[in-house]
Amino acid sequence: MSSVIETRGITKDYVVGEMIVRALRGVDFEVTAGEFVAIMGASGSGKSTLMNVLGCLDKPTSGDYFLDGTDVSGLTRDQYADIRNQRLGFVFQTYNLLARTSALDNVELPLFYDHSSRIENPRASAIEALERVGLADRLDHEPNELSGGQQQRVAIARALVNRPAIILADEPTGNLDSRTSVDVMSVFQDLNDQGITILLVTHEPDIAEYTRRIIVMRDGRIVGDRPVHDRRNAKKNLEAMPDADDLYLKDDPTYEGLVRP
Amino acid sequence: MRRLRRLLRAATRSILKNRMRSLLTSLGVIIGVAAVIVMVGIGAGAQADVEAQISSLGVNSIIIFPERGHSANVSLAAGTQNKLTLDDARRVEEEATLLSGVSPVVRTNAQIVGGSGNWNTHVYGVSPAYLDIRAWKIASGELFTERDVRVKAKVALLGKTIVDELFDGEDPIGEQIRVGKTPFKVIGTLSEKGQSPWGSDYDDVVLVPVTTGLYRLAGGRYISMINVGARSLDESDAAIEEVTEILRNSHRLQPGEEDGFRIYSQADLMETATETQRVMTLLLGAVAAVSLIVGGIGIMNIMLVSVTERTREIGIRLAVGARSSDVLAQFLTESVVLSLIGGAIGTALAYTVTHILNNVVGMTTVVRPSVVFLAFGFAGAIGVFFGYYPARKAALLNPIDALRHE
Ligand SMILES: Nc1ncnc2c1ncn2[C@@H]1O[C@H](COP(=O)(O)OP(=O)(O)OP(=O)(O)O)[C@@H](O)[C@H]1O
Ligand SMILES: [Mg+2]
């Protein structure tokens, strides 16, 4: 299989006052099409920095980054923008949705900037993307009218809508409770099953177990890289998981009488 | 075309989504535009008023004064050449070809007594041609004649203010008044002329035959000035040259010697007054410009306050693949639309205010389209600049830096 992502000796330095923070100190790794990779590591180990470079949101200080075999280091701002727009989808820990803007409009946003006009009917594509993340009934809701999990699904739908080959997600479940996290992971597993390459950053080992490969970073370098042999199935686990209110109400003596007459 | 429609739609959506910010932004433009138009309108109105007033005084009037302060020049025969006499006036009348009328003027101040009281006023000794030169009309009674001038008749014409002060507005014709100690008979009254552009009262005046004024009241040999009328405004300059020549001959001045008199034309005065008014219009305009700038600072504040939110929004747009030029076009469209709306409302407001000033308050305001365009353009430019400039800064950031903006 061909590699969709390949980095060689990527470094990233931040200059803070007199100090130079070396966030990445030479990252070499490869991701082939269809992989589902979790990136783990201590706080400050450079995970987000790496994701931003891979997502073309930031440029590395040195090193080469090949996306689908082409070196993107020398590209212009506009070409970078087009790569973000057409080939990558990015999901943030803090959702980053446009405020006071409906879920549908948020999801349609990337299509507004698609200079290739590959997609015939932006509105229909946006609705379809929202359906894929299970939010067909929330099209007109604005971010402040959605739960955290729902907002993250909108963000995932937005990352999907341009039919990217790769989705990058920086702690997509970082702000969600465990059940909703598994829920979001099931969305990612579906997408991966449909052939999309996914890289995600997480702190939680059991979330990483839903992927197929775990990379561990420390001090700006990759220090571990192993496949997940026994991938967990999010959908199955979700069914086995009790509802949060069930957990809470089970201890309540009046539970029977209250909820199910 | 399709792109423009999309941009306009996105701009309208963004404006409606941020109602408060949009309102405050356009408020700056509204106030700026309205202030400039109204202020300059008031200035231009005052100017038009003065112009109308001055031309009602007789546009072609030319006045020759003796020059003061030359008596120290001993080469002149005892300073007599600095004075004007009735003889000078007569020579001008006889020799000039470009004049519609000539009147010597003797000006004195006197206490007048008559009717129900007394009053201190200006008494002008003039010839009958004076009224035509000054575009002045008789309200009632009649003008004195050349014969009255010859015999130094003790007859007088009263201005409106005198009629009001001494006769409570009653018809004074045939009444006796005393000017100083000399008794006069009132033979006519003058129509109301109002205030001069410099604020003095034209109607506070008594007209008497020039000879009467000179010999019975002023008791001298010299007249105060000669007032002539040019046949037309175009001939005003030529007429001034002609009069200068005649008076130089009359005074037997050699080439190179100074005139000894000074000539003003109403056209010059009008220019001066118009100039003064123009300065005032400029001042009002400056005040208006200040309010425009204050409005601009308001706009800037709003835009800067929202810059964090905007920068993050721009970060999101960049992150999903907007090119910098996409974002710039979008924000430019948005601020242009906002400024246009603000400018249109401001213009409408200005027209309403000037309409009220004209018809309810009774002021004169003149709204010139050029000023409207200028105000519109300037306020629009401020609105666009401050809407666009912070957006531009954000759009040129790395997407990740824009997203992290605090
Ligand atoms: N914009 C920045 N300016 C300066 N230093 C930065 C910046 N962003 C990150 N760093 C530094 O780079 C290093 C790596 O940061 P990074 O955000 O990649 O860590 P991380 O692995 O994502 O951590 P976490 O798990 O807490 O999110 C840290 O030491 C951090 O202080
Ligand atoms: Mg991080």
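Residues numbered from 1 in each chain as written. Chains lettered and ligands numbered in written order. Predicted model: local features only at pLDDT ≥ 70, side-chain atom pairs only at ≥ 80, totals over all residues. Heavy atoms only, no water.

A. Structural view of the interface of chain A and chain B. Contacts between the two partners involve 25 residues from chain A and, on the opposite side, 27 residues from chain B. Of the roughly 2,400 Å² buried at the junction of chain A and chain B (both faces included), carbon and sulfur atoms supply 48%. Connecting chain A to chain B are 2 salt bridges. We note a salt bridge from Asp82 of chain A to Arg323 of chain B, for which the minimum N-O separation is 2.6 Å. Elements that contribute at least two residues to the side of chain A that touches chain B include exactly α2 (77-86) and α3 (103-112) of chain A. (Contact = heavy atoms within 4.5 Å. Buried area = accessible area lost by both parts, 1.4 Å probe. Salt bridge = Lys/Arg side-chain N within 4 Å of Asp/Glu carboxyl O. Helix = DSSP H or I, 4+ residues; strand = E, 2+ residues; numbered from the N terminus.)

B. Region of the structure containing the nonpolar core. Ile5 and Leu199 of chain A are the most contacted members of the largest nonpolar core, which has 46 residues in total. Residues contacting Leu199 of chain A, with those up to four places away along its chain left out, are Ile5, Phe29, Val31, Val37, Ile39, Met51, Leu54, Ile167, Leu168 and Ala169 of chain A. Within the second largest apolar cluster, 41 residues are counted, among which are Ile64, Tyr124, Val149 and Ile223 of chain B. (Core = buried A, V, L, I, M, F, W, Y, C linked by side-chain atoms within 4.5 Å. Buried < 20%, exposed > 50% of the residue type's maximum accessible area, 1.4 Å probe, protein only.)

C. Fine view of the domain arrangement of chain B. When its domains are assigned, chain B resolves into domain 1 (2-53 + 272-404) and domain 2 (83-259). Summarising the inter-unit geometry, the C-alpha centres of domain 1 of chain B and domain 2 of chain B are found 56 Å apart. (Domains from an automatic or database assignment.)

D. Structural context of the packing of aromatic side chains. For the structure shown, the criterion picks out 4 aromatic pairs over all chains. Considering the side-chain rings of Phe90 of chain A and Phe92 of chain A, the 4.8 Å spacing of their centres and the 40 degrees angle between planes classify their relative orientation as tilted. With respect to class, Phe90 of chain A is no different from Phe92 of chain A; both count as buried. Geometrically, the ring pair formed by Phe65 of chain B and Tyr264 of chain B is edge-to-face, given 5.6 Å between the ring centres and 75 degrees between the ring planes. In this pair, Phe65 of chain B is assigned in strand β1 (residues 61-66) and Tyr264 of chain B in strand β10 (residues 261-265), connecting sequence segments 199 residues apart. (Phe/Tyr/Trp six-rings, centres within 6.5 Å; stacked < 30°, edge-to-face > 60°.)

E. Main features of the packing of α3 of chain A against helix α4 (residues 122-132) of chain A. All names here are of chain A. At a closest axis distance of 9 Å, the pairing of α3 and α4 adopts a crossing angle of 120 degrees. It follows from the interaxial angle that α3 and α4 lie oblique. Note that α3 runs across α4; the crossing there is right-handed. Within the contact between the two elements, α3 uses Ala103, Leu104, Asp105, Val107, Glu108 and Leu111 and α4 uses Pro122, Arg123, Ser125, Ala126, Ile127, Ala129 and Leu130. Residues that form the contact of α3 with α4 fall into these classes: 9 nonpolar, 1 polar and 3 charged. (Axes fitted to C-alpha atoms, helices over the stretch in contact; angles between N-to-C directions. Parallel < 35°, antiparallel > 145°, perpendicular 65-115°, else oblique. Left-handed = near helix turned anticlockwise from the far one by under 90°. Nonpolar A, V, L, I, M, F, W, Y, C, P; charged D, E, K, R; others polar.)

F. View of a negative patch on the surface. Residue and element names in this part refer to chain B. Taken together, the side chains of Glu165, Asp168, Glu170, Asp171 and Glu175 define an acidic patch exposed on the protein surface. Among the secondary structure elements, Asp168 is positioned in the loop between α6 (160-167) and β6 (176-179). Note on Asp168: relative accessible area 59%, which makes it exposed. (Patch = residues over 30% accessible without salt bridge, like charges linked within 9 Å, V, L, I, M, F, W, Y side chains within 5 Å. Areas by Shrake-Rupley, 256 points an atom, 1.4 Å probe, with all protein chains shown as cover. Lys, Arg positive; Asp, Glu negative; His and termini not counted. Charge placed at Lys NZ, Arg CZ, Asp CG, Glu CD.)

G. Spatial organisation of α6 of chain B. Residues and elements named next belong to chain B. Turning to α6, its buried residues are Thr161, Ile162, Val163, Leu166 and Phe167. Of the surrounding elements, those touching the buried residues of α6 are β2 (99-114), β3 (117-126), β5 (155-158), β6, β7 (182-190) and β8 (205-209). Downstream of α6 by one or two residues, Asp168 has phi in the positive range, about 50 degrees.

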